[in-house]
Amino acid sequence: MFRQPRIFFFVIALITIVQGYFATQLNYDYNIEQLFPKHDPELAFYEEVKEKFAHHQDYLILGLENSESIYQGDFLLRLDSLVGFLEQHALVKEVNSPTNLRYHFRTPFGVQNSPFLHPHNAERYVADSAFLQAHPDVFPKFISRQNDAVCVFLFLTEALNDDTKDEFRDFILKNTGQLGFEQAHLYADIYAQDAYLKALEAEMYWLSGLAILLILGILFISFRSVAGILVPIFIVALTIIWTMGTIALLGGSINMMTVLIPTIVAIISLSDVIHVINRFNDHRELAKEEAIRFTFREMRSAILMTSLTTGLGFATLAYSSLQPFIEFGIFTTIGVAYAYLFAIYLLPGLLNRVSSEALSWKGNRSNLQIAAVYQFLMKQPRLVLGITVGLLLLSLAGISKLQINAYLYEELSAKDDFSKTLQFFETRFSGIRTFSMHLEVADTTSSILAPEILQEIDQLESYLLEDYGLRDVYTIATQIKRANRLHRQGQPEAYILPKDPGFLAYLVGKVLVAREDLGLQSILTADHRATRITGKMEDRGSAAVQELNRKLAAYLERSSAQELLNIRLTGNTILLDKSNHIITYNLLYSLIFAVAVVSLLMGWMYRSVRISLLAILPNLLPLLLMLGLIGWTGMGLKMSTVIVFTIAFGIAVDDTIHFMSRFKNELAAGHSPALAIANTYFSTGKAIVITSIILVLGFSVLLLSSFQTTFTTGLLVSLALLFALFADLLLLPVLLIFYYGIDNKD
């Protein structure tokens, strides 16, 4: 194809070396804020609130459990010893544990304090437990609801970093192990990020490697020759290396979405190569160079069309407002372009350097199976249509059950160690979903500390605990009630706002004096015009939380708080839920756009609106079936499920284009529609089956992922491709049979 093939291959090799080097320099990235909607008013408000109540303390949480009860055996004694060891570390400023917690109370001799628990006096455990449970502002933070686990808070002198995180974790695990604790659950942002990145890096290599091994096995079974394996693998490897190198050159990184790119571009590239080799085998009776020339003259437009449609499907993701999806869309589109260039410009040179026999399909069993399916189609076309209609009706019933729903950290597998840590805090303590509400006085001359406003905040706190579902809540009213309890000899029943306005004002003054010690800057502005409510709850899913927020809004409408305060929900979970809605709708709109563009391209390609509609229908069927399946299984629409439709449509439409392109060539050669369908079926049909098997097995590798997003993508794309195989090999030929009025005699 080139006058100087050696120079061409040398240039390819040189660029590949450069791209390979940059690919090895790729960074792994996990930043949850990348999932926040960019340039969104909610994000701007979140940043404003975060800045307004800036009060950062570096700390981590240590969770320990005792299967029977923390009050059984010597658990509390060992916990008390552990606190002493932890306090000796240079990074530890303070340790808050159930064993060193103290409650304060005023006496005639001043403010005194006493421990909640007496770990060295087992006879007091029953009374201590009851007393601690009578303090709803303390108990949920430190003791599990089943009394079988505790939380220890370690406040640090400085934030952990890459140099100190491992040493500090080893220090904690060493001490917990020596004291005989069953398992230590350690939570801090840096450890969450560390666990995610390590899993991401490991999967990047071993999943890609396993996918390549599967592809090698399929190629060996198909060709049973070294050349039959090396030629496709060489093209696939170049596509992956160039794509990953380009990601690094453009400043990209490996994240929850881009980790899928090697598998996707490998499969797209292999699909192109298989279809070319299949067409090349159809011209084996010709001289090699002539066969190559005929093959690429016939395949160039088909591969260009498949690359355009696939690339457009992924490119639409670039219009998302979320950075990981933007990068995924752009970089995958670049990978599709590389796959096209290598298939069209490099593959001919490789075909010219191997024997035709080495690239021929081995075995006739597949031909017999293809023939059997074709005979079934010709005899029972109405049965195929009936099955299709039945599946569509079943899918529509499932679609009616669809809802947008997502959970925090659901991308992690339940088997993952960090996922187990999250589950520990979710089920035993306050939960992992954070809650944040911003309140600002409606009258700028008023104050959050006004008695009537404090009463409204206290009532709102009660609603959030009793009806909304918060397990732990913290407000400015919380501190006032604690002050009241202190002045009432520490009696638990005194944890209320006093009704006497004068005494309430006195308590407010006392709390403000201790502003720095109490950390009030995290919930109250210096001008006392704004405050926030924070809390934690069980992660019930975004759909359930949306319903809770609807009920909360209705409650606020009925209360007088709405007249006194401007109230608005905020926080990272609100942003993540909104991002999930945004990306779900964005992806659906992108998919509709991609379908429309592909329809126009097919209309231009076949110069017929009816034929283009016939060609697009089999590609809509897998999407509808997938929507129905998601509805029936209750997976919910979210980032990890909706992205599947873009991937599946972009890949599945390729087989339809190859089928219709060959069918068009057969008609152009003067064959009757019946003969054109038969020739297309026996030639392109085999390639479709082989590429579909490779695609399904390739994506099935993702089922071994420890990331739920990756697992879901592998499962749903594999199923979608099987549905697409049914549509291309059964529905599409049947539609053509009815369109051209072909009967069994033809």
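Cut-offs used in this document
- Residues numbered from 1 in each chain as written.
- Predicted model: local features only at pLDDT ≥ 70, side-chain atom pairs only at ≥ 80, totals over all residues.
- Heavy atoms only, no water.
- Helix = DSSP H or I, 4+ residues; strand = E, 2+ residues; numbered from the N terminus.
- Expected span 1.5 Å × (residues − 1).
- Buried < 20%, exposed > 50% of the residue type's maximum accessible area, 1.4 Å probe, protein only.
- Arc of directions from axis to C-beta.
- Contact = heavy atoms within 4.5 Å.
- Phe/Tyr/Trp six-rings, centres within 6.5 Å; stacked < 30°, edge-to-face > 60°.
- Lys NZ or Arg CZ within 6 Å of the ring centre and 35° of its normal.
- Pairing = 2+ DSSP bridges.
- Axes fitted to C-alpha atoms, helices over the stretch in contact; angles between N-to-C directions.
- Parallel < 35°, antiparallel > 145°, perpendicular 65-115°, else oblique.
- Nonpolar A, V, L, I, M, F, W, Y, C, P; charged D, E, K, R; others polar.
- Patch = residues over 30% accessible without salt bridge, like charges linked within 9 Å, V, L, I, M, F, W, Y side chains within 5 Å.
- Areas by Shrake-Rupley, 256 points an atom, 1.4 Å probe, with all protein chains shown as cover.
- Salt bridge = Lys/Arg side-chain N within 4 Å of Asp/Glu carboxyl O.
- 1 Å grid on protein atoms, 1.4 Å probe; cavity = no way out; pocket = protein on both sides within 12 Å on 5 of 7 lines; lining within 4 Å.
- Points joined across faces, edges and corners; volume = space filled by probe spheres on them.

A. Quick peek at helix 3 (residues 75-86). End to end, helix 3 covers 16 Å across twelve residues, agreeing with the expected 16 Å (1.5 Å per residue, within 8%). Those residues of helix 3 lying buried are Phe75, Leu76, Arg78, Leu79, Leu82, Val83 and Leu86. Each buried residue of helix 3 sits inside an arc of 155° when the element is viewed along its axis, so together they form one side. Residues of helix 3 that are buried make contact with strand 1 (59-65), strand 2 (92-96), helix 4 (125-133), strand 5 (149-156) and helix 6 (165-178).

B. The arrangement of the packing of aromatic side chains in detail. Overall, the coordinates contain 27 aromatic pairs when judged by the stated rule. On the numbers, 5.4 Å between centres and 90° between planes, the contact of Phe75 with Phe181 is edge-to-face. Here the residue Phe75 occupies a position in helix 3, and Phe181 occupies one in the loop between helix 6 and strand 6 (184-187), the gap between them amounting to 106 residues. The exposure classification of Phe75 matches that of Phe181, with both residues buried. What links up through ring pairs into an aromatic cluster is the set Tyr59, Phe142, Phe153 and Phe155. In this structure, Arg78 is placed above the aromatic ring of Phe181, and the distance from its NZ or CZ to the ring centre is 4.8 Å.

C. Seen up close, the sheet that holds strand 10 (residues 565-570). Within the open sheet, the four strands sit side by side as 8-9-7-10. Their pairing is antiparallel. If you trace the sheet from one side to the other, it starts and ends with strand 8 (470-474) and strand 10, each paired once. Pairs of neighbouring strands in the sheet enclose a mean axial angle of 20°, with direction left out of account. The pairing of strand 7 (residues 433-441) with strand 10 spans six bridges and is classified as antiparallel. The residue bridging Ser436 from the neighbouring strand is Thr570, located in strand 10.

D. Focus on the packing of helix 10 (residues 288-315) against helix 11 (residues 323-351). For the pair helix 10 and helix 11, interaxial distance at closest approach is 10 Å and the crossing angle is 180°. Judged by the angle between their axes, helix 10 and helix 11 are roughly antiparallel. Residue-level contacts link Lys288, Ile292, Phe296, Arg300, Ile303, Leu304, Ser307, Thr310, Gly311, Phe314 and Ala315 of helix 10 to Phe328, Gly329, Thr332, Thr333, Val336, Tyr340, Ala343, Ile344, Leu347, Pro348 and Leu351 of helix 11. Per-class residue counts for the contact of helix 10 with helix 11 are 14 nonpolar, six polar and two charged.

E. Looking closely at a nonpolar patch on the surface. Taken together, the side chains of Ile7, Phe10, Val11, Leu14 and Ile15 make up a nonpolar region of the molecular surface, amounting to roughly 450 Å² of accessible area. Following the sequence through the fold, Leu14 ends up in helix 1 (residues 5-24). Given a relative accessible area of 46%, Leu14 falls into the partly exposed group.

F. The arrangement of empty space enclosed by the protein in detail. Scanning all chains against the criterion turns up six cavities of 30 Å³ or more. Together, His275, Asn278, Arg279, Glu298, Met299, Ala302, His658, Ser661, Arg662, Asn665, Ser683 and Thr684 line the largest cavity. Where the lining of the largest cavity is concerned, the elements lending two or more residues are helix 9 (261-282), helix 10, helix 23 (639-668) and helix 24 (673-700). Broken down by element, the lining of the largest cavity gets its largest block of residues, four residues, from helix 23. Considering only residue class, the lining of the largest cavity consists of two nonpolar, seven polar and three charged.

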